[in-house]
Amino acid sequence: QVQLVESGGGLVQAGGSLRLSCAASGSIFSINAMGWYRQAPGKQRELVARIFSGGSTNYADSVKGRFTISRDNAKNTVYLQMNSLKPEDTAVYYCNVNGVALQLVPFGSWGQGTQVTVSS
């Protein structure tokens, strides 16, 4: 069983910055990808950014150049630095981690979500 604990959401004015963190713990053998998704009211959940074990990343076009994803493999933690925030970034942000559990079976886990609200 793998647990994810998110932190760092909040209310910020347009143009401001926030940093999200997500720490994974539990029966982890290895982690492949760690990522952030978001869901705004009335919309589908969408990928924001993802980082793989080798360090490669991908981003949604809407956040390229403003958001940066990084990870600390020793701490099984992923971060999302969000700069130049816009009101349209307002959403619940969810951490997602997938990898292999100690039982050598694949796992995929979601965090509980953290609210990010950007005021205009």
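That block above? That's the structure.
Being a predicted model, the structure only gives us computed values, none of them experimental.

Quick notes on the rules
Residues numbered from 1 in each chain as written. Predicted model: local features only at pLDDT ≥ 70, side-chain atom pairs only at ≥ 80, totals over all residues. Heavy atoms only, no water. Helix = DSSP H or I, 4+ residues; strand = E, 2+ residues; numbered from the N terminus. Rg over C-alpha atoms; globule rule 2.2 N^0.38 Å. Buried < 20%, exposed > 50% of the residue type's maximum accessible area, 1.4 Å probe, protein only. Polar contact = N/O pair within 3.5 Å; in protein donor to acceptor, adjacent residues only side chain to side chain. Contact = heavy atoms within 4.5 Å. Patch = residues over 30% accessible without salt bridge, like charges linked within 9 Å, V, L, I, M, F, W, Y side chains within 5 Å. Areas by Shrake-Rupley, 256 points an atom, 1.4 Å probe, with all protein chains shown as cover. Salt bridge = Lys/Arg side-chain N within 4 Å of Asp/Glu carboxyl O. Pairing = 2+ DSSP bridges. Axes fitted to C-alpha atoms, helices over the stretch in contact; angles between N-to-C directions.

*Asks:* I would appreciate a short explanation of the overall build of the protein chain in the present structure.
*Replies:* When helices and strands are counted, the protein chain shows 0 helices and 11 strands. Element order for the protein chain, N to C, with α for helix and β for strand: β-β-β-β-β-β-β-β-β-β-β. A compact globule built from 120 residues would reach a C-alpha radius of gyration of about 14 Å, and the protein chain, at 14 Å, matches this within 12%. Overall, the protein chain is about 50 × 25 × 25 Å in size when its C-alpha atoms are taken along their principal axes. Here the protein chain holds 120 residues, and the buried ones make up 42% of them.

*Asks:* In this structure, what is going on with the side chain of Thr114? I would like to understand it.
*Replies:* Within the secondary structure layout, Thr114 lies in strand 11 (residues 114-119). Here Gly9 takes part through its backbone nitrogen, which lies 3.3 Å from a polar atom of the side chain of Thr114. Setting aside residues no more than four positions away along its own chain, Thr114 makes contact with Glu6, Gly9, Leu20, Ala91, Val92 and Tyr93.

*Asks:* It is not clear to me how a nonpolar patch on the surface should be interpreted in this structure. Could you clarify?
*Replies:* A grouping of Phe29, Leu102 and Leu104 is seen on the molecular surface, where their side chains present a nonpolar patch of about 350 Å² in accessible area. Within the fold, Leu102 resides in the loop between strand 9 (91-101) and strand 10 (106-110). Among the residues examined, Leu102 registers a relative accessible area of 52% and is labelled exposed.

*Asks:* Would you explain the sheet that holds strand 8 (residues 77-82) in this entry?
*Replies:* Whenever strands of a sheet pair, they do so through backbone hydrogen bonds, lying parallel or antiparallel. If you trace the 4 strands from one edge of the open sheet to the other, you get 1-3-8-7, paired in antiparallel fashion. Here the strands that pair on one side only, and so sit at the sheet edges, are strand 1 (2-7) and strand 7 (67-72). Averaged over all pairs of adjacent strands, the angle between strand axes in this sheet comes to 15 degrees, irrespective of strand direction. Across 6 bridges, strand 1 lies against strand 3 (residues 18-26) in antiparallel orientation. Among the inter-strand pairings, Glu6 is bridged to a residue of strand 3, identified as Cys22.

*Asks:* I tried to follow the pattern of salt bridges on my own but got confused; where do I start?
*Replies:* Oppositely charged side chains can form a pair if their charged atoms are brought close together. Counted according to the given criterion, the structure contains 4 salt bridges. A salt bridge links Asp61 to Lys64, with the nearest nitrogen and oxygen atoms 3.1 Å apart. Here the salt bridges do not stand alone but share partners, grouping Arg38, Glu46, Arg66 and Asp89 into one network.

*Asks:* Help me understand the pairing of strand 5 (residues 46-52) in this model?
*Replies:* The two faces of a sheet get side chains in turn, since along a regular strand they alternate between them. Pairing analysis gives 6 bridges linking strand 4 (residues 28-39) to strand 5, with the strands arranged antiparallel. Within strand 5, the position partnered with Met34 by the bridge is Ile51. Here strand 4 folds back onto strand 5 in antiparallel fashion, the turn holding 6 residues, of which Gly42 has a positive phi close to 80 degrees. Where strand 5 and strand 6 (residues 57-59) come together, 3 bridges link them in antiparallel fashion.

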